[in-house]
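One letter stands for each residue in the lines below.
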Amino acid sequence: MTLPRAIGLATALFVLPSFSFASDSSSNAASPDTVFIFNSLLFLIGGFLVFWMAAGFAMLEAGLVRSKNVAMQLTKNMSLFAVAATLYYLFGYNLMYPLGQWFIDGFVSAAVGLAILEPVAVTRELADDYSYAATGSDFFFQLMFCATTASIVSGALAERIKLWPFLAFTVVLTGLIYPLQASWKWGGGFLDQAGFLDFAGSTVVHSVGGWAALTGALILGPRIGKYNGDKVMELPWSDLSLAALGTFILWLGWFGFNGASQLAMGTVGDISDISRIFANTNAAAAGGVLATLILSQILHDKPSLMVVLNGALGGLVAITAEPLTPTLGAATLIGAVGGVIVVFAVPMLDRMKIDDVVGAIPVHLACGIWGTLAVVFTNPDASILAQLYGIGAIGLFTVLTSALVWWLLSLTMGLRVGIETEIAGLDIAELSSEAFPEHLRQASNSPKQSTETPAEA
């Protein structure tokens, strides 16, 4: 071995252990650039995954309504997202995140106005919060949660609500109701100060959509033919394969919904926690599926695909309040309880003659409440009183404001389509296009043929 090579080898043997030690000692620290870049990337990836949930809601609703109303549901889902994006820019973002600027301390933001992004090619010195993430990435991610809240309402009130009153309600929901109550927790408001915990929005997002849907359903009334005295009539759906596709899309999007709510990806600990959130989110959905699959077999002798689909969603909603601290087993159980709630909440609503076309109220409201309460079982920082306080405050606010808006819209614009329009289908009366050819639409809405022979009859 030559002298230079020997010197080089000796130097490497001396330096490499030192380099390894330095890396190990700083494994949980990160440079400010790394934090800024990776946090921003997390929000962007999480944001477009949650955006994909808009397609999931659209497919789920398209599959569960009758074919004569499919185009209407797709139009509502496309339009509500555009409304949410615009109103969140105009009012919602600053209303939700006052950054310490309160008009009424802890209740109403004083930072009213348009959302403003950072300059093009921003430098470290000019970044709004160099220790956190790009403002554009944060705005994009948080907007998707706002739009999700409106999507929940769409399915519950399907097949009998007019398009424009629904969009008018969406303006108020996404521009005022959602961001205001979200500021109470995620903007550092009075619920956050009281110790209320809601990691990714079982209450702040899902229950709010559920409460708004419930008040709307009560004021709107059930679909024609849904209830015949005490008997619940099963109205046909257009395509369960679309509903299943929508559920899988929502399941996928939920990884962004919960995972990116870690709000940090710049350290070893953060990325490890994100992976834990992904695993727990998936486990809860699986628990919801298994619970509904088994229960529907026990109660009805046959599994129900529609119930199983909602079981998956109920499990996902339930784990959203705290997807980080549970073990995989606990996450599965939390999701399974969500599935059980779905099985029993749907017939309970029917007994009360509250018509929820897609099961949004059991899934998002009932399972949202359960998931928020379940935080106390896995997070030692949670208090049952603080959780109940948050559920009650947000629920009361959403019910009162939603009921007022629905009532005013019913007086001014009218909420419900006419009897002839509802029977013919909203695609024909409210839109200029139908989702399915005429002969398929007629076939899907004709009475089912009897399978009995004349002699058997």
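Criteria and thresholds
- Residues numbered from 1 in each chain as written.
- Predicted model: local features only at pLDDT ≥ 70, side-chain atom pairs only at ≥ 80, totals over all residues.
- Heavy atoms only, no water.
- UniProt positions renumbered as here; feature names shortened; annotations may be inferred.
- Helix = DSSP H or I, 4+ residues; strand = E, 2+ residues; numbered from the N terminus.
- Buried < 20%, exposed > 50% of the residue type's maximum accessible area, 1.4 Å probe, protein only.
- Contact = heavy atoms within 4.5 Å.
- Areas by Shrake-Rupley, 256 points an atom, 1.4 Å probe, with all protein chains shown as cover.
- Phe/Tyr/Trp six-rings, centres within 6.5 Å; stacked < 30°, edge-to-face > 60°.
- Axes fitted to C-alpha atoms, helices over the stretch in contact; angles between N-to-C directions.
- Left-handed = near helix turned anticlockwise from the far one by under 90°.
- Nonpolar A, V, L, I, M, F, W, Y, C, P; charged D, E, K, R; others polar.
- 1 Å grid on protein atoms, 1.4 Å probe; cavity = no way out; pocket = protein on both sides within 12 Å on 5 of 7 lines; lining within 4 Å.
- Points joined across faces, edges and corners; volume = space filled by probe spheres on them.

Looking at an unreviewed UniProt entry, one finds the protein chain named Ammonium transporter, with Cognatishimia activa as its source organism. Recorded in UniProt for the protein chain, the comment headed Subcellular location (unreviewed entry) runs: "Membrane". Recorded in UniProt under Sequence similarities (unreviewed entry), the annotation for the protein chain is "Belongs to the ammonia transporter channel (TC 1.A.11.2) family."

Caption draft 1: Representation of the overall build of the protein chain within the structure. Scanning the protein chain from N- to C-terminus turns up 16 helices and 4 strands. Relative to its 457 residues, the protein chain shows a buried fraction of 51%. Once local pairs closer than 6 in sequence are excluded, the contacts in the protein chain between residues at least 24 apart make up 79%. Summed over all atoms, the accessible surface of the protein chain reaches about 20,400 Å², with 70% contributed by carbon and sulfur.

Caption draft 2: Here's a closer look at the packing of aromatic side chains. In total, this model carries 21 aromatic pairs according to the counting rule given. With a centroid separation of 6.0 Å and an interplanar angle of 65°, the aromatic rings of F190 and Y389 are classed as edge-to-face. Of the two residues, F190 is situated in helix α6 (residues 190–193) and Y389 in helix α13 (residues 384–412); the sequence distance between them amounts to 199 residues. A relative accessible area of 13% places F190 in the buried class. With relative accessibility at 41%, the residue Y389 sits in the partly exposed group. Ring plane angle 10° and centroid distance 6.2 Å describe the contact between F248 and W251, whose orientation is recorded as stacked.

Caption draft 3: Spatial organisation of the packing of helix α4 (residues 135–156) against helix α7 (residues 202–220). With their axes 8 Å apart at the nearest point, α4 and α7 run at an angle of 35° to one another. Remark: the crossing between α4 and α7 carries right-handed chirality. Every residue of α7 that contacts α4 at F145, T148, T149, I152, V153 and A156 is listed here: V205, H206, V208, G209, G210, A212 and A213. Among the residues making up the contact of α4 with α7, the classes are represented as 8 nonpolar, 5 polar and no charged.

Caption draft 4: Spotlight on empty space enclosed by the protein. For the structure shown, the criterion picks out 2 cavities of 30 Å³ or more. The computed volume of the largest cavity comes to approximately 60 Å³. As for the largest cavity, its lining consists of 13 residues, of which F57, L60, V358, A360 and H364 are closest to the centre. Residue assignment for the lining of the largest cavity shows that the elements contributing at least two residues are α2 (32–64), α4, α10 (305–319) and α12 (360–378). Residue classes in the lining of the largest cavity are distributed as 7 nonpolar, 5 polar and 1 charged. In this structure, the second largest cavity encloses a volume near 40 Å³. Taken together, V50, F51, M53, A54, F57, F81, M144, A147, T148 and S151 form the lining of the second largest cavity. Counting only elements with at least two residues in the lining of the second largest cavity, the list comes to α2 and α4. No other element matches the 5 residues that α2 contributes to the lining of the second largest cavity. Its residues placed into classes, the lining of the second largest cavity shows 8 nonpolar, 2 polar and no charged.

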